[in-house]
Amino acid sequence: MKIDWKTCLRVGISIFLLYLGIHYWPGISGTLGTAVSAASPLIAGIIMAYPVNILMSFYERHYFPKSTKKAVTKSRRAVCLIGAIITLLAVMALIIGLVAPQLVACIKMVIDYVPGAMKVVIAKLEQFSFISDEVINALKSIDWKSKIGDIAETLTSGLGSVMDVAVTAVSSVFSVLSTAVIGFIFALYALLSKDKISSQLKRLFSSFVPEKIYSKVTYVLSVTNDCFRRFIVGQCTEAVILGSLCAVGMLILRLPYAAMIGALVAFTALIPIVGAFIGAGVGAFLILTQSPVKALIFLVFIVVLQQVEGNLIYPRVVGSSMGLPGIWVLAAITVGGGVMGITGILISVPVAATIYKLIRNYLNAKEAAAAEEAAAEEIPAETECTNE
């Protein structure tokens, strides 16, 4: 192997840069952290734009796709973007409109029924001999209605005296809102100019990156984008299926609030790990105000439904939409949750699908090339046999 001075120079520069990176890592990490913090609105905008772009692209494919009129082509991007945002806001408003009124009504009902319920509980406690009469008399002497009023007053006005907490909360909320607003504006600009931005990035990378590396990076990014897009579509499809099964099952079992709880379960199913528990908890609370027995039946039903969803529906729906076998979906969720928690569960499936697809395509191409070489070697041998 011939080693020239250029190779030695490159190795020396690489070792020197590695040394600087290790020796000054605290300063470098602090600088990177500051840069990421400053760019957080832009990162939030990219995260917002990605799922909106999926719905927006769907509308673009169906917004007079064969029309070549100037008015249609110019308005397609803006109209489809507005339609995607309105659709998402309408879904959120529908879910909130279904759940919030019933939840508030149930809370008021609980507050009204607490005094009577406590009297029943105290009467039941009197039947047990191991509870002393002093405890029973103390419970009877409590004005439960006034206590509930005191708790409500504390929740509404008691926090007003803690100014430091209020100021901190307001500043935190303002920071989050400002980041969200800037990110949303950036997302709008990115979606409206996505073709131009894509063209500029292609020109930039094709000019400064070697063609071989550029093609490989483009291929990996294309596969990654396809897997993440299919994951989001599959996740939404799975949530709709789960919510529909929940509503239908509740109707069959004659449980109250079937449509509302079905919509709530479908929405919370998009949240990894805790989403199912949130939907089940709120649904059980709402049904509890009507009948404790029906609330227990609902909890048993939702546990069974979650097991069916987690082991059968989710791997098949999400896995099949991404071309990933169900067993690898379960493996990715398990490993991702163990390594990175909720974030790992959220991104583990599309990441595993990307790796699976890249390896599968590589092996298929390698096997196809080997088959072609074998066929090319057999042709001369057959020709020689024919000549003899």
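Residues numbered from 1 in each chain as written. Predicted model: local features only at pLDDT ≥ 70, side-chain atom pairs only at ≥ 80, totals over all residues. Heavy atoms only, no water.

## Here's the deal with the overall build of the protein chain
Inference 1: A tally of regular secondary structure across the protein chain gives 13 helices and 0 strands.
Inference 2: Reading the protein chain from its N terminus to its C terminus gives the helix and strand order α-α-α-α-α-α-α-α-α-α-α-α-α.
Inference 3: In the protein chain, buried positions account for 23% of the 388 residues.
Inference 4: Of the contacts formed within the protein chain by residues at least 6 apart in sequence, a portion of 67% connects residues at least 24 apart.
Inference 5: Carbon and sulfur atoms make up 72% of the accessible area of the protein chain, which amounts to about 26,300 Å² in all. (Helix = DSSP H or I, 4+ residues; strand = E, 2+ residues; numbered from the N terminus. Buried < 20%, exposed > 50% of the residue type's maximum accessible area, 1.4 Å probe, protein only. Contact = heavy atoms within 4.5 Å. Areas by Shrake-Rupley, 256 points an atom, 1.4 Å probe, with all protein chains shown as cover.)

## Considerations on the pattern of salt bridges
Inference 1: Taken as a whole and judged by the stated rule, the model has 6 salt bridges.
Inference 2: Salt bridges linked by common partners bring E60, R77, K194 and D195 together as one network. (Salt bridge = Lys/Arg side-chain N within 4 Å of Asp/Glu carboxyl O.)

## Let's talk about the confidence of the model for the protein chain
Inference 1: Taken as a whole, the protein chain shows an average pLDDT of 77; of its residues, 73% reach a score of 70 or greater.
Inference 2: Note on residues 158–163: pLDDT is under 50 here. Beyond four places in sequence and across chains, it has 2 contacts. (pLDDT = per-residue confidence, 0-100.)

## Regarding the packing of aromatic side chains
Inference 1: Evaluated as defined, the whole model comprises 2 aromatic pairs.
Inference 2: Consider the rings of F58 and Y59, whose centres lie 5.9 Å apart with planes at 50°: the pair is tilted.
Inference 3: A relative accessible area of 24% places Y59 in the partly exposed class.
Inference 4: A ring pair is formed by Y63 and F64, whose centres lie 5.2 Å apart and whose planes are at 75°; its orientation type is edge-to-face.
Inference 5: For Y63, a relative accessible area of 19% gives the class buried. (Phe/Tyr/Trp six-rings, centres within 6.5 Å; stacked < 30°, edge-to-face > 60°.)

## Some details on the nonpolar core
Inference 1: In this structure, C246, M250, I261, I287, F298 and I302 are the most contacted members of the largest nonpolar core, which totals 23 residues.
Inference 2: Mapped by element, the contributors of at least two residues to this core are α4 (70–125), α9 (211–252), α10 (258–268), α11 (274–288) and α12 (292–322).
Inference 3: When near neighbours in sequence (up to four residues on either side) are disregarded, I261 contacts C246, M250, P256, G283, I287 and F298.
Inference 4: Counting residues in hydrophobic clusters, the runner-up holds 10 residues, among them Y63, V72, C80 and L81. (Core = buried A, V, L, I, M, F, W, Y, C linked by side-chain atoms within 4.5 Å.)

## Details of the side chain of E60
Inference 1: By the secondary structure assignment, E60 is in helix α3 (residues 40–62).
Inference 2: Within polar-contact distance, the side chain of E60 engages the side chain of R77 at 2.5 Å. (Polar contact = N/O pair within 3.5 Å; in protein donor to acceptor, adjacent residues only side chain to side chain.)

## Description of a nonpolar patch on the surface
Inference 1: A contiguous nonpolar surface patch, about 520 Å² in accessible area, is contributed by L9, I13, F16, L17 and Y19.
Inference 2: Inspection of the secondary structure assignment puts L17 in helix α1 (residues 5–23). (Patch = residues over 30% accessible without salt bridge, like charges linked within 9 Å, V, L, I, M, F, W, Y side chains within 5 Å.)

## Focus on unusual backbone geometry
Inference 1: Backbone geometry at R254 places phi at a positive 60°, although glycine is not the residue there.
Inference 2: Here R254 lies in the loop between α9 and α10.
Inference 3: In this model, Y257 sits at a positive phi of 60°, which is unusual for a non-glycine residue.
Inference 4: Relative to the elements of secondary structure, Y257 occurs in the loop between α9 and α10.

## Some thoughts on the environment of P350
Inference 1: Following the sequence through the fold, P350 ends up in helix α13 (residues 326–387).
Inference 2: Exposure remark for P350: the relative accessible area of 0% places this residue in the buried category.
Inference 3: Along the primary structure P350 and I232 are separated by 118 residues, whereas in three dimensions their C-alpha atoms are 8.9 Å apart.

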